[in-house]
Protein chains: 4
Amino acid sequence: MKVTVWNEYRHEKENPKVSEIYPDGIHQTIASFLGEEGHQTQTATLDEAEHGLTEEVLAETDVLVWWGHKVHEEVSEEIAERVKQRVLDGMGLVVLHSAHFSKVFKKLMGTGCDLKWREADEKERLWVVDPTHPITEGLGEYIELEKEEMYGEHFDIPAPDELVFVSWFEGGEVFRSGATFKRGRGKIFYFRPGHETYPTYHHKEIQQVIKNGVKWAANTNTPKHVYGNRQPLEKLSK
Amino acid sequence: MKVTVWNEYRHEKENPKVSEIYPDGIHQTIASFLGEEGHQTQTATLDEAEHGLTEEVLAETDVLVWWGHKVHEEVSEEIAERVKQRVLDGMGLVVLHSAHFSKVFKKLMGTGCDLKWREADEKERLWVVDPTHPITEGLGEYIELEKEEMYGEHFDIPAPDELVFVSWFEGGEVFRSGATFKRGRGKIFYFRPGHETYPTYHHKEIQQVIKNGVKWAANTNTPKHVYGNRQPLEKLSK
Amino acid sequence: MKVTVWNEYRHEKENPKVSEIYPDGIHQTIASFLGEEGHQTQTATLDEAEHGLTEEVLAETDVLVWWGHKVHEEVSEEIAERVKQRVLDGMGLVVLHSAHFSKVFKKLMGTGCDLKWREADEKERLWVVDPTHPITEGLGEYIELEKEEMYGEHFDIPAPDELVFVSWFEGGEVFRSGATFKRGRGKIFYFRPGHETYPTYHHKEIQQVIKNGVKWAANTNTPKHVYGNRQPLEKLSK
Amino acid sequence: MKVTVWNEYRHEKENPKVSEIYPDGIHQTIASFLGEEGHQTQTATLDEAEHGLTEEVLAETDVLVWWGHKVHEEVSEEIAERVKQRVLDGMGLVVLHSAHFSKVFKKLMGTGCDLKWREADEKERLWVVDPTHPITEGLGEYIELEKEEMYGEHFDIPAPDELVFVSWFEGGEVFRSGATFKRGRGKIFYFRPGHETYPTYHHKEIQQVIKNGVKWAANTNTPKHVYGNRQPLEKLSK
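What counts and how
Residues numbered from 1 in each chain as written. Chains lettered and ligands numbered in written order. Predicted model: local features only at pLDDT ≥ 70, side-chain atom pairs only at ≥ 80, totals over all residues. Heavy atoms only, no water. UniProt positions renumbered as here; feature names shortened; annotations may be inferred. Helix = DSSP H or I, 4+ residues; strand = E, 2+ residues; numbered from the N terminus. Least-squares fit on C-alpha atoms with pLDDT ≥ 70 in both. Contact = heavy atoms within 4.5 Å. Buried area = accessible area lost by both parts, 1.4 Å probe. Salt bridge = Lys/Arg side-chain N within 4 Å of Asp/Glu carboxyl O. Buried < 20%, exposed > 50% of the residue type's maximum accessible area, 1.4 Å probe, protein only. Pairing = 2+ DSSP bridges. Phe/Tyr/Trp six-rings, centres within 6.5 Å; stacked < 30°, edge-to-face > 60°. Lys NZ or Arg CZ within 6 Å of the ring centre and 35° of its normal.

Bringing the UniProt feature "domain: ThuA-like" (unreviewed entry) in chain A into the picture now. As annotated in UniProt, the feature "domain: ThuA-like" (unreviewed entry) corresponds to residues 2–217 of chain A in the numbering used here. With 27% helix and 32% strand, the stretch residues 2–217 of chain A has end C-alpha atoms that lie 12 Å from each other.

Moving on, we come to the relation of the copies chain B and chain A. With an RMSD of 0.0 Å, the operation that places chain B on chain A is a rotation of 180 degrees combined with a shift of 0.0 Å along the axis. In symmetry terms, the pair is related by a two-fold rotation axis. Identified as the residue of chain B closest to the rotation axis by C-alpha distance is G110(B), at 2.6 Å. When the interface residues of chain B are mapped onto chain A, 100% of them again lie at the interface, so the same face is used by both copies.

Taken together, the contacts link 43 residues of chain B with 43 residues of chain A. When chain B packs against chain A, close to 3,400 Å² is buried across both sides, 53% of that on carbon and sulfur atoms. Of all residues in chain B, E170(B), Y227(B) and L236(B) give up the largest surface area on contact with chain A, accounting jointly for 16% of the area buried on that side. Applying the counting criterion to the chain B and chain A interface returns 0 salt bridges.

Moving on, we get to the interface of chain C and chain A. Of the residues lining the interface, 19 residues belong to chain C; the matching set on chain A comes to 19 residues. For the pair chain C and chain A, the two sides together bury roughly 1,500 Å², of which 66% comes from carbon and sulfur. Looking at the side of chain C facing chain A, the largest losses of area belong to W127(C), W168(C) and V174(C), adding up to 33% of the total buried there. Along the contact surface separating chain C from chain A lie 2 salt bridges.

As a further point, take the pairing of strand β8 (residues 174–183) of chain D. Residues and elements named next belong to chain D. The element β8 is extensively covered by neighbouring structure, given that 10 of its 10 residues are classed as buried. Bridge count between strand β7 (residues 162–169) and β8: 6 bridges; the pairing is antiparallel. Counted as the bridge partner of L163 is A179 from β8. Between the antiparallel neighbours β7 and β8 lie 4 residues, among them G172 with a positive phi of about 110 degrees. Both β8 and strand β9 (residues 186–191) contribute to a ladder of 6 bridges, which runs antiparallel. Within β9, the residue paired with T180 across the bridge is F189.

So, about unusual backbone geometry. E153(C) connects to H154(C) through a cis peptide bond whose omega is 15 degrees. Examined against the element boundaries, H154(C) turns out to sit in the loop between β6 (142–152) and β7 (162–169). We note that H97(D) has phi near 45 degrees; this positive angle belongs to a residue other than glycine. Here H97(D) is to be found in the loop between β4 (92–96) and α6 (103–109). The class for H97(D) is buried, based on a relative accessible area of 0%.

Along the chain, Q231(B) turns up in the segment after β10 (228–229). Note on Q231(B): relative accessible area 65%, which makes it exposed.

Once that is clear, we can look at the packing of aromatic side chains. As enumerated under the stated definition, the model contains 42 aromatic pairs over all chains in all. With 6.0 Å between their ring centres and 5 degrees between their planes, W168(A) and W168(C) make a pair best called stacked. Of this pair, W168(A) sits in strand β7 (residues 162–169) while W168(C) is found in strand β7, placing the two residues in two different chains. Here W168(A) matches W168(C) in class, with each residue buried. The ring of Y142(A) is capped by R125(A), whose NZ or CZ atom sits 5.4 Å from the centre of that ring. Above the face of the W168(B) ring, R125(B) is positioned so that its terminal group lies 5.2 Å from the ring centre.

Printed below as a string of structure tokens:
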């Protein structure tokens, strides 16, 4: 399977606190542990030509992992639309943390995708609420993160096709932290954790979920439908 | 309840076959039977200023009914976005027939919304598959239409929140003909029948479904969520 | 609308702490505030003949509200099956708190319906996660209960048709506290709060939710399907 | 993966028309093509001791395939309950054709599971309505069966978690022919075709769907939740 990990890659260049945790960027950390699964991984970042997401790159990508945060608006309309179309054509998409506000995710959801947030070194506990889901493979009943940014409801998304995790936060909020959506031939997994100032993507269980999510999101040679004007399959009475 | 019925209103001016069935336009026919329910109805059409959908009109509208077909592209991006936002803010939306391809519906769905189609005077039978749904109030097991345009699967929409009707067509296709979606605070009902060359909107059961759909789609003073940076509701441990 | 409120009615007779809060029983408190809505209300309890749920009572009931806790096993198999069938035939059902473990709810869900629990005077905050839902009419973003029993995930139910509330608990758990299900022609609303030693059913917002739930659960004259061997509706080719 | 194929195995012994198509029984035909996938397959039938479904057999089974039709009532309550519990514990279940009326399926659904039917050598066309689903791997837009029994809506099941196929029948009906459900830790796939007097299970695409369904239904080491009274995970304020 071919996996492309996309990162805005700005915080790491501007904030020493972030570059200390992710010296080569969040994308490299994620690509690295996904490589352990035997996937063929590559990375792409905002400041590359076409944000690293040329037609060729996308055509070759089975699953795209997306992390963005502070400059969603710098992603060009054209590339955002291109990624969306590729998802509808069957590319899997794993949307991480603040990418809830990315152009691609918002286009695919059709809603505002807004939420409550707070940076206060809070404890987060992600409860598994769907114990049949392959995305929870190898986990216990919950994942605990000592310090994370808080995201709180209401999370302005369509009702997920499947709700996998619900988070508890110390400050009194809850959040639908793991949710799946289908759009066209594409499968989408949104997963909440991963604020840039915490070592969340070094956490083994978080890595496990992202590995599981990538595996789940890959399309398995499902039908390609034909649209438009069609002749009848049966003889009409008139 | 205040209901606005929007119509492209072009076929009726250009095709005598259509104007014979709907002399005052599809919108007037629909507004007329919705008025029987005691709703305060008004109409709006493409060629009016701002397509008849000013901020004021939308702010006052509880449920918007939308019919469009041949010139979806003439709906301005700005107005389409405005309608979408108003739906997210809580306005109900009833999307009829070929409005599956309207800008508003596509923006709210996030998918291509394409389908198969054929104009061949075919019989359609809409089976009720959710006999709990208030949109089916007063109906029998199915609705039969002697002649309609065929719409066939795959219908490229997200999995509906609720699937209410599935159509059988003479030529061998099926279609998810009645489906509901929630987006933001807004409720959306897509209902398939209503090709302009057939008297479908004069059909009593079709009228019943649209009446039911309007009633269902109206928001009932539900919570307005607050988004953005928030203080904790509980004392944090650090 | 005719509403029947069913209660086990044992705690109130045996525990002074409970009878102090609900001198006439939980059922009377609930029936009383539902009466404010103009519904015709009646009550039924475990120790009555047929648990107060004769064929006649059920046939006349539009929505049944169910509270039970400590002696679910004393509900006869026959009556539980009768109530289930009546739900499938179109009676609405509002299942409160520990009735998650009632025979009727378990039969309708097909799962174990188990959960985690703790009695520790904890704060509960029920967040609205579906701001389109009529069950949330008149509410704010969340409901806060100073002291309640904790119910925690995993809640062993099928994925709800609609998830309306998610609870946060002081001790670190979350719970899908408001959920809807459709079975046959019947609509079911499960609502978590209401441990017998707290004055939860005197809380105005909790009362509002139950009022909304009853209104939502009532069937609106939807189709009654016919089953079994049927003649073709179209001419077969052979 | 260990797969057990259960069959009532009565028609084949009593009706030469059936035994001609399935000389060793429907179970052997299914077990045979599932074996091609590298699964370790075994069969079990009604007339064996404990219907061939001892605690040991079930404990070792990853996915159970179930075909039954005319003597659902001969399946003992105890074994039906045992199978249900094993599904809730994580065994996958593929329910074929007339097993919609099996005790196990009805217990897991909580509804009547009834439908319309007709034996009239009708054409069935199963349309794929979820082109993301791994159960549709390797298929085209639809599967066509020249002659099958008709099953028509309303199919009295809960709204499926995922709707994969919708059937068109020559006589004018439609049916939700492929549907998935999750119960406890178990995944369930209902698939309509397979009347005993037609060679449906010799059809390559039908075999493909059942192979896909078995693969999809297998649990992948997901969390086992703990229920009951639990200590708080966080320090309570009182």
